[in-house]
Amino acid sequence: MLRNLIFSVGENYHIYNRGVEKKKIFPQKSDYTRFLVLLYILNTKERINIRESLKALGPSSDIRDLFKEKRYNVLVDIGAYCLMPNHFHLLLHERTENGTSHFLKKVLTAYSMYFNKKYERKGPLFESRFMAQHANTDEYLKYLFSYIHLNPIKLIQSDWKEKGIKDINITKNYLKNFEYSSYLDFMENDRAQGAILNLKNFPEYFNDKVEFETDLIDWLEFNPHLLQP
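What comes next concerns the included structure.

What counts, and at which threshold
- Residues numbered from 1 in each chain as written.
- Predicted model: local features only at pLDDT ≥ 70, side-chain atom pairs only at ≥ 80, totals over all residues.
- Heavy atoms only, no water.
- Buried < 20%, exposed > 50% of the residue type's maximum accessible area, 1.4 Å probe, protein only.
- Helix = DSSP H or I, 4+ residues; strand = E, 2+ residues; numbered from the N terminus.
- Pairing = 2+ DSSP bridges.
- Axes fitted to C-alpha atoms, helices over the stretch in contact; angles between N-to-C directions.
- Contact = heavy atoms within 4.5 Å.
- Expected span 1.5 Å × (residues − 1).
- Parallel < 35°, antiparallel > 145°, perpendicular 65-115°, else oblique.
- Left-handed = near helix turned anticlockwise from the far one by under 90°.
- Nonpolar A, V, L, I, M, F, W, Y, C, P; charged D, E, K, R; others polar.

Overview of the pairing of strand E3 (residues 87-94)
Alright, step 1. Taken across its eight residues, E3 has eight buried, putting it largely inside the fold.
Alright, step 2. Residues His87, His89, Leu91 and His93 line one face of E3 and the alternating positions Phe88, Leu90, Leu92 and Glu94 line the opposite face, and both faces are buried.
Alright, step 3. When strand E1 (residues 12-18) meets E3, the two strands line up antiparallel, connected through seven bridges. What sits directly across from Tyr13, in E3, is Leu92.
Alright, step 4. Sheet analysis places strand E2 (residues 76-84) next to E3, joined by eight bridges and oriented antiparallel. Across the sheet, Cys82 pairs through a bridge with His89, a residue of E3.
Alright, step 5. Where E2 folds back on E3, the antiparallel hairpin that results is connected by two residues.

Structure representation (structure tokens):
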């Protein structure tokens, strides 16, 4: 995290972190799902025990059922997210004092414990502390919705920012089938993980999915060299 950055209630932040030594932090689909559930269920001042919460739902419950659970005393609003094989991006709006730091500590600690137990490893999973940038202008905040959601393109064309998109239709279809970002929720897909987002404290940049998709495609077609973190 930037050392001179002080989080403030009512402000917006781009949060990101990656695996130590750039190693994968989501080797399997179930790992992505676990992290997404944690983004939702741990977004509260209350103490949450995942095992006990699942037990309370009954023997046939699935971890994704936790998306249906009510939360109280929410710490942050999540405006956008993207999980990549070895890193993640979040766009957060701080709701309560120290909410961002508290939220990230809960999520990263819980996921690291889960990951180390599952893969029989020890030591830190993430590189140092999480990194953050203050989205302190309207232009930058709107831009982050495109930047975060276009990250998966690197998985099919690593040089797209330098050389431009090779095939726009293939790229658009890939984004529409990438499950681990909030892109599909902005495209009005009815998904359980849509509960992660709360946009009420973010500006209404997109009136509908057409405006949202058009904004992203504009970046792809005209400004790839400008799309920097």
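Next comes the rest of the account.
Observations regarding the sheet that holds E3
Alright, step 1. Strand order across the open sheet formed by four strands is E2-E3-E1-E4, with antiparallel pairing between neighbours. Taken across any chain shown, the strands that pair with only one partner, and hence form the sheet edges, are E2 and strand E4 (131-134). The mean angle between the axes of side-by-side strands here comes to 15°, regardless of whether they run parallel or antiparallel.
Alright, step 2. By the bridge criterion, four bridges tie E1 to E4 in an arrangement that is antiparallel. Note that in E4 the partner of Ile15 across the bridge is Ala132.
Alright, step 3. Helix H1 (residues 29-41) contacts E2 and E3 of the sheet and is inclined by roughly 170° relative to E2.

Notes on H1
Alright, step 1. With 13 residues, H1 ought to run about 18 Å at 1.5 Å a step, and its terminal C-alpha atoms sit 19 Å apart, in line with that.
Alright, step 2. Buried within H1 we find Asp31, Tyr32, Phe35, Leu36, Val37, Leu38, Leu39, Tyr40 and Ile41.
Alright, step 3. Against helix H2 (50-57), E2, E3 and helix H3 (99-118) lie the buried residues of H1.

Looking at the packing of H1 against H3
Alright, step 1. In the contact formed by H1 and H3, the axes pass within 10 Å of each other and the chain directions differ by 155°. Looking at the two axes, H1 sits roughly antiparallel to H3. Read as a crossing pair, H1 and H3 show a hand that is right-handed. Between H1 and H3, the contacting residues are Ser30, Asp31, Arg34, Phe35, Leu38 and Leu39 on the first element and Phe103, Val107, Leu108, Ala110, Tyr111, Tyr114 and Lys118 on the second.
Alright, step 2. Of the residues that constitute the contact of H1 with H3, the class distribution is nine nonpolar, one polar and three charged.

Some remarks on unusual backbone geometry
Alright, step 1. Even without glycine at this site, Glu120 takes up a positive phi of about 50°.
Alright, step 2. Assignment of secondary structure puts Glu120 in the loop between H3 and E4.
Alright, step 3. Even without being a glycine, Glu188 presents a positive backbone phi close to 70°.
Alright, step 4. Locating Glu188 in the fold gives a position in the loop between helix H7 (183-186) and helix H8 (209-222).

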